[in-house]
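Letter by letter, the chains look like this.
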Amino acid sequence: MAGRKVYIETYGCQMNEYDTELVYGILKEHGISKADRLEEADIILVNSCSVREGADNRAISRASQLTHLKRKRSGLVIGIIGCVAQRDKGKLLEKYRGIDLVLGPDSYRKLPEILKNMNGSPVVKTEAKRSELYDDITPFRQTSVSAYVSIMRGCDKFCSFCIVPYVRGRERSRSPQSVIEEVRKAVDSGYREIVLLGQNVNSYRYERVDFPQLLLMVSDIEGVERIRFTSPHPQDVDERLLEVMKERDNVCKHIHLPLQSGSTRILKLMNRNYTREEYLELVEKIKEYMPEGAITTDIIVGFPSEREEDFLDTVDVMDRVRFDSAFMFKYSPRPGTKAAKMEDDVPETEKDRRLRVVIEKQKEHTLYRNKQLVGKIEKILIESKGKKEEHEVRGRTDTNKLVVVKGIDCKVGEFVQVKIVDAAGVTLFGELIETS
Ligand code: 5AD
Ligand code: SF4
């Protein structure tokens, strides 16, 4: 098997990106290295996402398109892994000819053995394995300045619109020791920013250690200059978490707090376990603890039975909070979820209109929040160099905002102090003050 090369295309969330790193890590241990380009690969895997219809379709049509390459390259293996694989299992093979492999998120460990024994007939492995945490696997990192570290897998919340609990299984947390060990390794190999990942990070619990305690432990590790985490559920944010975020310099003052809807009636149908008032109270608390912090969110428009008044409640929450940024989606029914049994009664054109309204609203708020930073000094972590201009760099503030700095020459991965001089849309512009 040694000498073969694998190429993975990833769709969806950061957890999927992390899983791709795990799969590269698992295969590397068995002598299968990463192909830099698709053309060099003997094995091509599509790591699919099923959270919304768009990503779902994109991943699968890409995989079926790739099967055409088999005509020119004999022995080429094409596989679908990740959430769509888990959901659709063997059906994918019936629908799309030429797929050799369907592998769910709990089965990646089996991949080397499966590849070794492939005999021309397709393989499907999608058993849910409650205990699988991959905590002994060293991910082969694909990011440059910030390292993803998963702290828990799965989700027990069962929001009615969401497929995640069905494809990623029950919640289980990694031991603090194994998280810390992985963070240490990432720091040793040069990463200064750590992103703790979980479908529901603040449901983390391992014996007596909960999420605020784990955050403290990671924050104590020498060399960790920034810690981010995504995503928490509003229901599980308590003051101890806010306390840790406030007190620790290396914990970023940014919280991604999915709202989904601003209507209590819709939130109930979504099984979100909070009301609009509770969400707004929580935002006030966060602002008390971190007045300069950033709050970002996810919003769904057009959930079954969402009336104009419910939609206006969402817009109203946006106006009250003024989020720094938001991911906004049209509701799409996910087969197998509770909401999929409700009538998808908001017409597509109306969903489109509502989406346009929230996007416009968010643009105003992002600009408003960004303009508040003009004149301020910010420490940014450089993450890329300008594509067109040689002396242009891009970096992120503690609050995860992108800053473009012109006329400086510094390395990716470096921290620099800049003064924010302008804000245009989602982008801030800065001038160098000093290099730390
Ligand atoms: N339709 C639209 N958006 C969805 N999301 C999850 N499921 C759906 C769905 N069925 C959104 C939620 C979630 C984000 C990751 O994707 O806003 O927070
Ligand atoms: Fe899906 Fe809700 Fe779990 Fe998030 S908390 S992964 S939206 S079920």
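Treat the numbers as computed from the prediction; the structure is a model and nothing was measured. (Residues numbered from 1 in each chain as written. Chains lettered and ligands numbered in written order. Predicted model: local features only at pLDDT ≥ 70, side-chain atom pairs only at ≥ 80, totals over all residues. Heavy atoms only, no water.)

K.L.:
Before we go on, may I ask you to explain the environment of Thr399 in this structure?
P.N.:
Considering the arrangement of structural elements, one finds Thr399 in the loop between strand 18 (392–396) and strand 19 (402–406). Along the backbone, Thr399 and Glu378 are 21 residues apart, and their C-alpha atoms lie at a distance of 9.6 Å. In terms of polar contacts, Thr399 uses its side chain to reach the side chain of Thr397, at 2.8 Å. (Helix = DSSP H or I, 4+ residues; strand = E, 2+ residues; numbered from the N terminus. Polar contact = N/O pair within 3.5 Å; in protein donor to acceptor, adjacent residues only side chain to side chain.)

K.L.:
I keep staring at the sheet that holds strand 14 (residues 254–256) and nothing clicks. Help me out?
P.N.:
Within the open sheet, the three strands sit side by side as 14-15-16. Their pairing is parallel. Of all the strands in the sheet, just strand 14 and strand 16 (325–330) have a single pairing partner and so form its edges. Across the sheet, the mean angle separating the axes of adjacent strands is 10° when strand polarity is ignored. Sheet topology note: the strand 14/strand 15 (residues 294–301) ladder contains three bridges and is parallel. Bridge pairing links His256 to Thr296 in strand 15. (Pairing = 2+ DSSP bridges. Axes fitted to C-alpha atoms, helices over the stretch in contact; angles between N-to-C directions.)

K.L.:
Please clarify how the site of ligand 2 should be interpreted in this entry.
P.N.:
Lining the immediate environment of ligand 2, one finds Cys155, Lys157, Phe158, Cys159, Phe161, Cys162, Val164, Pro165, Gln199, Asn200, His233 and Arg272. Grouping the amino acids of the shell around ligand 2 by side-chain chemistry returns seven nonpolar, three polar and two charged. (Near = heavy atom within 4 Å. Nonpolar A, V, L, I, M, F, W, Y, C, P; charged D, E, K, R; others polar.)

K.L.:
I tried to follow the pairing of strand 10 (residues 193–197) on my own but got confused; where do I start?
P.N.:
For strand 10, the buried fraction is high: five of the five residues fall into the buried class. Residue alternation in strand 10 divides its side chains into two sets, Glu193, Val195 and Leu197 and Ile194 and Leu196, and both sets are buried. In this structure, strand 7 (residues 146–150) lies alongside strand 10, joined through five bridges in parallel fashion. Counterpart to Ala147 in the pairing with strand 10 is Ile194. Pairing between strand 10 and strand 13 (residues 226–230): five bridges, direction parallel. Paired with Leu197 across the bridge in strand 13 is Thr230. (Buried < 20%, exposed > 50% of the residue type's maximum accessible area, 1.4 Å probe, protein only.)

K.L.:
What is the right way to look at the pattern of salt bridges in this model?
P.N.:
Close approach of charged atoms allows side chains with opposite charge to pair. Per the counting criterion, the structure on display carries 46 salt bridges. For the salt bridge of Arg192 with Glu225, the shortest nitrogen-to-oxygen distance reads 2.7 Å. Linking Arg192 in the loop between helix 8 (176–188) and strand 10 with Glu225 in the loop between helix 9 (211–219) and strand 13, this pair joins segments that are 33 residues apart in sequence. Across the pair Arg265 and Asp310 runs a salt bridge whose closest N-O atoms are separated by 2.8 Å. Here Arg265, found in helix 11 (residues 264–269), pairs with Asp310, found in helix 13 (residues 308–321); they are 45 residues apart in sequence, far enough to count as distant. Arg265 sits in the partly exposed class, given a relative accessible area of 31%. (Salt bridge = Lys/Arg side-chain N within 4 Å of Asp/Glu carboxyl O.)

K.L.:
Quick question: what am I supposed to make of the site of ligand 1 here?
P.N.:
With respect to spatial proximity, the complete set of residues near ligand 1 consists of Val51, Arg52, Phe161, Gln260, Asp298, Ile300, Phe329, Lys330, Tyr331, Ser332 and Arg334. Gln260 has a polar side-chain atom sitting 2.7 Å from an oxygen atom of ligand 1. In the environment of ligand 1, a nitrogen atom lies 2.7 Å from a nitrogen or oxygen atom belonging to the backbone of Ser332. In the complex, the protein chains occlude 87% of the 400 Å² of accessible area that ligand 1 would expose alone. Sorting the residues of the shell around ligand 1 by element identifies strand 15 and strand 16 as the ones contributing at least two each. (Areas by Shrake-Rupley, 256 points an atom, 1.4 Å probe, with all protein chains shown as cover.)

K.L.:
Looking at this model, I keep getting lost on the packing of helix 12 (residues 276–289) against helix 13. Mind explaining?
P.N.:
In a pair of packed helices, the angle between the axes and the distance between the axes together describe the arrangement. Remark: helix 12 packs on helix 13, axes separated minimally by 11 Å, with the N-to-C direction vectors making an angle of 15°. One way to sum up the angle between helix 12 and helix 13 is to call them roughly parallel. Considering the relative orientation of helix 12 and helix 13, their crossing is right-handed. Judged by residue contacts, Arg276, Tyr279, Leu280, Val283 and Lys287 of helix 12 engage Asp313, Asp316, Val317, Arg320 and Val321 from helix 13. Residue composition of the contact of helix 12 with helix 13, by class: five nonpolar, no polar and five charged. (Parallel < 35°, antiparallel > 145°, perpendicular 65-115°, else oblique. Left-handed = near helix turned anticlockwise from the far one by under 90°. Contact = heavy atoms within 4.5 Å.)

K.L.:
Looking at this structure, how should I read the packing of aromatic side chains?
P.N.:
The geometry of an aromatic ring pair is captured by the separation of the ring centres together with the interplanar angle, meaning the angle of the planes. Following the criterion strictly, the structure yields seven aromatic pairs and no others. Ring plane angle 35° and centroid distance 5.8 Å describe the contact between Tyr274 and Tyr279, whose orientation is recorded as tilted. Like Tyr279, Tyr274 is buried. Site record: aromatic cluster; members linked through ring pairs are Tyr274, Tyr279 and Phe323. When the ring centre of Tyr368 is taken as reference, the NZ or CZ atom of Arg322 above it lies at 3.9 Å. Across the ring face of Phe415, the terminal group of Lys379 is positioned such that the distance to the ring centre comes to 4.7 Å. (Phe/Tyr/Trp six-rings, centres within 6.5 Å; stacked < 30°, edge-to-face > 60°. Lys NZ or Arg CZ within 6 Å of the ring centre and 35° of its normal.)

K.L.:
What is the right way to read the environment of Glu225 from this model?
P.N.:
Under the relative-accessibility criterion, Glu225 is labelled partly exposed at 29%. Separated by 214 residues in the primary sequence, Glu225 and Tyr11 place their C-alpha atoms 29 Å from one another. With near-sequence residues (within four places) excluded, Glu225 lies in contact with Arg192, Asn250, Lys379 and Phe415. In this structure the side chain of Glu225 is engaged in a polar contact, spanning 2.7 Å, whose partner is the side chain of Arg192.

K.L.:
Just checking my understanding: could you explain the side chain of Asn202 for this structure?
P.N.:
Its place among the elements puts Asn202 in the loop between strand 10 and strand 11 (205–206). When near neighbours in sequence (up to four residues on either side) are disregarded, Asn202 contacts Phe211, Ser231, Pro232, His233, Asp236 and Val237.

K.L.:
What am I meant to see in the sheet that holds strand 5 (residues 101–103) here?
P.N.:
Each strand in a sheet pairs with its neighbour through backbone hydrogen bonds, running either in the same direction (parallel) or in the opposite one (antiparallel). On the basis of which strands lie adjacent, the open sheet formed by six strands has the order 2-1-3-4-5-6 and parallel pairing. Bordering the open sheet on either side are strand 2 (33–34) and strand 6 (123–125), each of which pairs with just one other strand. Where strand 1 (residues 5–10) lies against strand 3 (residues 43–48), five bridges are found, and the strand directions are parallel. Residue pairing for strand 3: Thr10 is matched across the bridge by Asn47. Across the face of the sheet, helix 1 (residues 14–28) comes into contact with strand 1, strand 2, strand 3 and strand 4 (77–82) while running at roughly 170° to strand 1.

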